[in-house]
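Close look at the chain arrangement
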Amino acid sequence: MGKKILENKLGKKIFAKKIRARKILRRSIWSAVNSEVARYRIRKREGLERIGKISTSPLPQFTPDTIRIESVTAMLIFDTRFNPTIEVNVRMVCGHGLFASVPSGAPPGSKLWQEVREAIDFVNTIISPALKGKDPKQQAVIDKIMVQKLEEIRNQNGSGTLKFGASAIFAVSLAVCKAAGFIQDLPLYGRIATLAGIKKLILPVPVWNVINVGSHPENKLSMRELTILPIGASSFEDAIRINWEIYSCLMDLIWRKYREIAHKGYEGGFAPKIQNVKEGLELLKKAISRLGHTEKVVIGVDAAASEFYGLDKSYHPNFTGENNGCSQRVSGDALNDFYNTLVNDYSIASIEDPFDKDDWESYSKLTAEIGQKVQILGDEFLVTDPKRIKQAINEKTCNTLLLKVKHLRSVTETIKAVKMVKQAGWGVIVASHGSGETDDTFVGQLAVGVGACQIKAGASCNSERESIYIELRAIECIERNVCGDVYAGPAFDTLLPE
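Residues numbered from 1 in each chain as written. Predicted model: local features only at pLDDT ≥ 70, side-chain atom pairs only at ≥ 80, totals over all residues. Heavy atoms only, no water.

**Concerning the pattern of salt bridges**
To keep it simple, the criterion reads: By definition, a salt bridge exists where a carboxyl oxygen of Asp or Glu is found within 4 Å of a side-chain nitrogen of Lys or Arg. What counts as a helix is a DSSP run of H or I of at least four residues, what counts as a strand is a run of E of at least two, and both are numbered from the N terminus. Summary of the burial criterion: residues with accessible area below 20% of their type's maximum are buried, those above 50% are exposed, and those between are partly exposed, where the area comes from a 1.4 Å probe applied to protein chains only.
Counted under the stated rule, the structure contains 20 salt bridges. A salt bridge links lysine 456 to glutamate 352; its shortest N-O distance comes to 2.6 Å. On the criterion of sequence distance, the pair formed by lysine 456 in strand E12 (residues 454–456) and glutamate 352 in strand E8 (residues 348–352) is long-range, its members being 104 residues apart. An identical accessibility class is assigned to lysine 456 and glutamate 352; each is buried.

Spelled out as structure tokens, the structure:
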């Protein structure tokens, strides 16, 4: 008996020592984490000051000679998908260097490495000498020079042999824009807004994709993704909260219904073993109503119809879940009727790429029928090509332009495209996801700068995307103090007037 008491006392002492050791370890870990966070914030603040996002000290005295471009240097980095892409440093004579990086925007593979290396060589050997001595504030002149150099290379080698895309010069254009903002003591969004003539800034509605095609073998969703748009939120911060609540609730519903951990696609949306689009919409509708956000959130669909468009010029969507929809063949008119049904049954407010990129007739018909209450987005349909945009405006084939980073060539051309669709009464969405991300959070500032009322940067599933939303929240705090309420909200499908 005495032996047991002694063992119990000894056990309690050992347990108490373990508890104390754990507390000490926990304190030391938290101390290390807090000190590292403090160091990170200092580095982050120094970085923000360096690129002109905030200014806590007086600007150096610039002269016309010291602000000119001295060199442009490109190097290889990796995006969030670990695909190679380029980062550009535009260095001025005064010694300040401004960095910019963009996603590769291309599918992974051995050819991608070759394309990025050629893009780096193009920037270092052709663009850099051409821009030396130029004034960063002359954005249109610099962008025109780069586009001309790119076209010269294409004409010499043939467009089919040109391996790298326009992202090479877009990174340079972006870095030049940052340099001009640094000189003028403007953040990037402020510099872009000045170039675009936007007088009142607005915070875009964050569009999150929450259900999409994934690697799950039983996922038979033919359409690419289902999205949520918190247009009824009171602020950008409130919009992020609503999106995150729905995202978390959806995870719980997927577990309860399918008894599996929710698989995720490339863009962070869940990829459960749903059999058709309507099943996914019912799941999403249940999550929204359970949280009481029915009046605050609308649903969007990214059909990506070119992916199930056959050589016989018919569509092979998955309506029933049988054989992944391959046995079904429907016409553009039948698919049109299906979209009308979705809009009526699930209050769909946005449809992206509803038909194949060459099916102009079906686009025109759908826009005429539901274009007054639903935004019809052109992504792969328009690819931010001025010629296709102009034709789409004339033929009234859609009513919203999706600006995707991988389609952009320069800041100047981007602003021109926005102005073109704005004059036609279209809406604009700036999108980054679909291309991976880098640690350059320019996408949020680009959306604010051009006056886009929506940003499609994907669900908050990695630190790069979180940085975009954190930066937009910071912009909201700054601009709200200056011009009051700045969240787009119900005006999600329009652009603010200048």
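**Quick word on the packing of aromatic side chains**
To keep it simple, the criterion reads: Aromatic pairing here means that ring centres of Phe, Tyr or Trp (its six-membered ring) are within 6.5 Å. Orientation follows from the plane angle: under 30 degrees is stacked, over 60 is edge-to-face, and everything else is tilted.
All told, the structure shown has 16 aromatic pairs when counted by the stated rule. Seen from their ring centres, tyrosine 247 and phenylalanine 270 are 4.6 Å apart, and the 25° between their planes marks the pair as stacked. One end of the pair, tyrosine 247, is in helix H6 (residues 236–258); the other, phenylalanine 270, is in the loop between H6 and helix H7 (277–290), and 23 residues separate them in sequence. Given the relative accessible area of 1%, tyrosine 247 is considered buried.

**Considerations on the packing of helix H10 (residues 386–395) against helix H11 (residues 411–423)**
Counted only if it meets this: To obtain an axis, a line is fitted to C-alpha atoms, over the contacting stretch when the element is a helix, and the angle between two such axes runs from 0 to 180 degrees between their N-to-C directions. Angles are sorted into four bins: roughly parallel if under 35 degrees, roughly antiparallel if over 145, roughly perpendicular if 65 to 115, and oblique for all others. The criterion used for residue contact is that any of the two residues' heavy atoms lie within 4.5 Å.
It is the contact of H10 with H11, at a shortest axis distance of 10 Å, that shows an interaxial angle of 5°. In terms of axis orientation, H10 runs roughly parallel to H11. Of the residues in H11, those touching H10 at Pro386, Ile389, Lys390 and Ile393 are Ala417, Met420 and Val421.

**Details of the packing of helix H5 (residues 188–196) against H11**
We apply this condition: Crossings are sorted by hand: turned counterclockwise from the far helix by less than a right angle, the near helix makes the crossing left-handed, and turned clockwise it makes it right-handed. Gly is placed with the polar residues, together with every amino acid not listed as nonpolar (Ala, Val, Leu, Ile, Met, Phe, Trp, Tyr, Cys and Pro) or charged (Asp, Glu, Lys and Arg).
As a packed pair, H5 and H11 sit with axes 10 Å apart at the nearest point and diverge in direction by 55°. In terms of axis orientation, H5 runs oblique to H11. The crossing of H5 and H11 is right-handed. On the side of H5, the interface is formed by Ile192, Leu195 and Ala196, while H11 contributes Val411, Ile415 and Lys419. Looking at the contact of H5 with H11, its residues break down into five nonpolar, no polar and one charged.

**Focus: the sheet that holds strand E3 (residues 97–101)**
Note the following rule: In this scheme, strands are said to pair when DSSP sees at least two bridges between them.
Strand order in the open sheet made by the three strands is E1-E2-E3, with antiparallel pairing throughout. With one partner strand each, in any of the chains shown, strand E1 (69–78) and E3 form the two edges of the open sheet. Between one strand axis and the next, the sheet turns by 20° as a mean value, whatever way the strands run. Relative to strand E2 (residues 84–92), E1 runs antiparallel, the two being bridged by nine bridges.

**Side note on the sheet that holds strand E4 (residues 205–206)**
Within a sheet, each strand pairs with its neighbour through backbone hydrogen bonds, oriented either parallel or antiparallel. Here nine strands make up an open sheet; going across it, the order is E4-E12-E11-E10-E9-E8-E7-E6-E5 and the pairing mixed. Looking along the sheet, the strands with just one partner apiece sit at the ends: E4 and strand E5 (208–212). The sheet contact formed by strand E10 (residues 400–404) and strand E11 (residues 427–431) spans five bridges and is parallel. Across the sheet, threonine 400 pairs through a bridge with glycine 427, a residue of E11. Sheet strands touched by H6: E4, E5 and strand E6 (225–229). Its angle to E5, the strand with the most contacts, is close to 15°. Contacts from helix H8 (residues 332–346) reach strand E7 (298–302) and E8, with the element oriented near 150° to E8.

All we've got here are geometric facts, nothing functional implied.
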